[in-house]
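Summary of structural features
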Amino acid sequence: MLELIDISKTFSPGTVNERVALNKLSLTVNDGDFITIIGSNGAGKSTLLNAISGYFLTDSGRIVLDGQDITLMPEFRRSRFIGRLFQDPMSGTAPNMTIEENLALAAGTGGWLHTIDHADRERFREQLSLLGMGLENRLKHPVGTLSGGQRQALTLIMATINPPKLLLLDEHTAALDPTAAEKILAVTDKIVKEHRLTCLMITHNMQSALEFGNRTLMMDAGNILLDVSGEERGKLTVNDLLEQFRSLVGKSLTNDRMLLRNE
Amino acid sequence: MQDLLSLGQTALELGLISSLTVLALFLSYSMLGVCDLSTDGCFTFGAAVGAVVAIAGHPYLSLLAAVGAGVLSGFVTAILQTKMGINSLLAGIIVNTGLYSVGIAVMGNSSQLNLNKVRTVFTDLKDLLSGTFLEKQYKLIVALIAVAVAVVLLVLFLRTRLGSAIRATGDNPVMVRSSSINPAFTTIVGLCAANALTGLSGCLLAQSQKSVNIDIGSGMVTIALASLLIGNTLTGKRKIPMRAVGAVLGAFLFRLVYTIALRFNMPAFLLKLVSAIIVVLAISIPYLKSQFPYFKRRLELKKRKDGERNA
């Protein structure tokens, strides 16, 4: 279980560029929750995931994961139990290293002097075959030769090869073409279900926000505006969501990349 | 013929000894992605420490001491850039400057030491081989063993999880952090290992030429970088073992060309200018190549416009 208690973050405080990105936000994420997050530009969606993953220290508040206070824990330590995918497919992998070298670093089996062995390769092949992209036959290829979609799929496997307590997805399909995006979303859903992962997914696609997961958050001005799940969520349509936003904020939901439904 | 052979041998000896520094840059520059400007100072530091320990009567311990000196120097450089927020280039320059004073202090407030009558690995092997046909190759053999051991250890090291993490740090530090590895840690280990080789390289050069002075390492970083880049063009995009061997070959080729140039009466002081030019060319040529189409198209456009005007 993840608990965020009154977390705040202001960027460039005391300057003309001052921007409150998170404003005393509190949230409880239950084990097994697959939460989709939507919101307008600058609502604080990415900042929220950055705060959880430890990219920066929050100005105030506490972050507790499974009873352990991780507020002050550095990012690289949190990544032991928090998996993460970014929008940029290039950011999650080392391009000049092979697929198996990337996976081996993510898997972290053995000590510092461990070299990749047969058992490792078997495990990598098995995991990669989940993707149905044939990557399991290209273990020795440099990651730089893969397409954006393939790299993002590999990053997904890397983030979940040791099932994390929490998987954070920051518009991880936004930079891909529609076909690849759809494929990655389907694989994401499959992997999340298979490992019963707790997952937070930011999306610009309103349709996917309702289609995937069991709970949806709508954010604005650094806080959570709407938190729906269960039966109430099941009945929601994209139009309902937009209408809700308008009535709560008093203006319509705007997001540069927003898609109302799948093309 | 005899002359040419001895020329080749000198180049090979010097090339092999300095190839240890090239291997150090192969690790720090090509793998870790850090341009370590403390290389000159570290080379001198290793030479000075090695010389002092050898003079004290410990020829084998002197090699170990030089390696230790290199590790220490690399550690300080790495701490400055990973834990104290100092830009990596600046960290190297700072350590380099500081090591100048440290080097003189180590040599007992003197800027040079003479190793003429001192027992070293070289003199030991020379005695051992005296009377055999390898008598004159003693320097070469010491250098060859040192380089072979360094290449094998380096290649094996880069295959481990730790070595892999060091390569990834140069490739994508975000990915390293996501893999629960601290890039600060891999940078520290990488720079310590690289500078260990640099220190050893300095120590062997001093002991083979039987003297050390405070300028022994000056310009080493550029010379080694030139050798490394020559090696890169030789091997191209190959696997790591080949690239490591390429780095050694590059060092040898660089020395060979330099030695031949000396024979054709090129003044010795030009060495550093030549190495500087090689580094500039090796790094800028790929860039200039990528810019060439713009140049070509602009020229074509200009021609067409001129043609239209004249018509």
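See above for the structure.
Residues numbered from 1 in each chain as written. Chains lettered and ligands numbered in written order. Predicted model: local features only at pLDDT ≥ 70, side-chain atom pairs only at ≥ 80, totals over all residues. Heavy atoms only, no water.

Here's the deal with the sheet that holds strand S2 (residues 19–29) of chain A
Residue and element names in this part refer to chain A. Sheet architecture is open: four strands sit in the order S2-S1-S4-S5, paired in antiparallel fashion. Edge positions in the sheet fall to S2 and strand S5 (68–69), since each of these pairs with one other strand and no more. Of the strand pairs in this sheet, strand S4 (residues 60–65) and S5 are connected by two bridges, and their pairing is antiparallel. Looking at the pairing, valine 64 lines up with aspartate 69 of S5. Its contacts with the sheet place helix H1 (residues 45–53) against strand S1 (2–11), S2 and S4, and it is angled at close to 115 degrees to S1. (Pairing = 2+ DSSP bridges. Helix = DSSP H or I, 4+ residues; strand = E, 2+ residues; numbered from the N terminus. Contact = heavy atoms within 4.5 Å. Axes fitted to C-alpha atoms, helices over the stretch in contact; angles between N-to-C directions.)

Details of the layout of surface pockets
Considered as a void within the structure, the largest pocket measures approximately 1100 Å³ in volume. Contributing to the lining of the largest pocket are 36 residues, with Asn96, Thr98 and Glu101 of chain A together with Arg167 and Ile240 of chain B lying nearest its centre. Listing elements by their share of the lining of the largest pocket, those giving two or more residues are helix H3 (99–107) and helix H4 (118–129) of chain A together with helix H1 (2–31), helix H6 (138–159), helix H7 (161–171), helix H10 (220–235) and helix H11 (240–263) of chain B. Among the elements that line the lining of the largest pocket, the one with the most residues is H7 of chain B, at five residues. For the lining of the largest pocket, the per-class residue count stands at 11 nonpolar, 12 polar and 13 charged. (1 Å grid on protein atoms, 1.4 Å probe; cavity = no way out; pocket = protein on both sides within 12 Å on 5 of 7 lines; lining within 4 Å. Points joined across faces, edges and corners; volume = space filled by probe spheres on them. Nonpolar A, V, L, I, M, F, W, Y, C, P; charged D, E, K, R; others polar.)

Quick notes on unusual backbone geometry
Of note, serine 12 of chain A is a non-glycine position whose phi angle comes to about 45 degrees, a positive value. According to the relative accessible area criterion, serine 12 of chain A is partly exposed, its value standing at 37%. Phi is positive for asparagine 109 of chain B, which is not a glycine, with a value near 55 degrees. Residue position: asparagine 109 of chain B is located in the loop between helix H4 (88–106) and strand S1 (112–114). Take asparagine 109 of chain B: its relative accessible area is 68%, and that puts it in the exposed class. (Buried < 20%, exposed > 50% of the residue type's maximum accessible area, 1.4 Å probe, protein only.)

With respect to the interface of chain B and chain A
Listed as interface residues are 19 residues of chain B and, on the opposing side, 27 residues of chain A. Contact with chain A buries surface across chain B, with Arg161, Asp171 and Met175 of chain B losing the most and accounting together for 31% of the total. Applying the counting rule to chain B against chain A returns one salt bridge. The interface formed by chain B and chain A contains 12 residue pairs in polar contact (both at pLDDT 80 or more). Listing elements by their share of the side of chain B that touches chain A, those giving two or more residues are H7 and helix H8 (173–178) of chain B. The greatest single-element share of the side of chain B that touches chain A, amounting to seven residues, is contributed by H7 of chain B. Of the residues belonging to the side of chain B that touches chain A, the class tally is seven nonpolar, seven polar and five charged. (Buried area = accessible area lost by both parts, 1.4 Å probe. Salt bridge = Lys/Arg side-chain N within 4 Å of Asp/Glu carboxyl O. Polar contact = N/O pair within 3.5 Å; in protein donor to acceptor, adjacent residues only side chain to side chain.)

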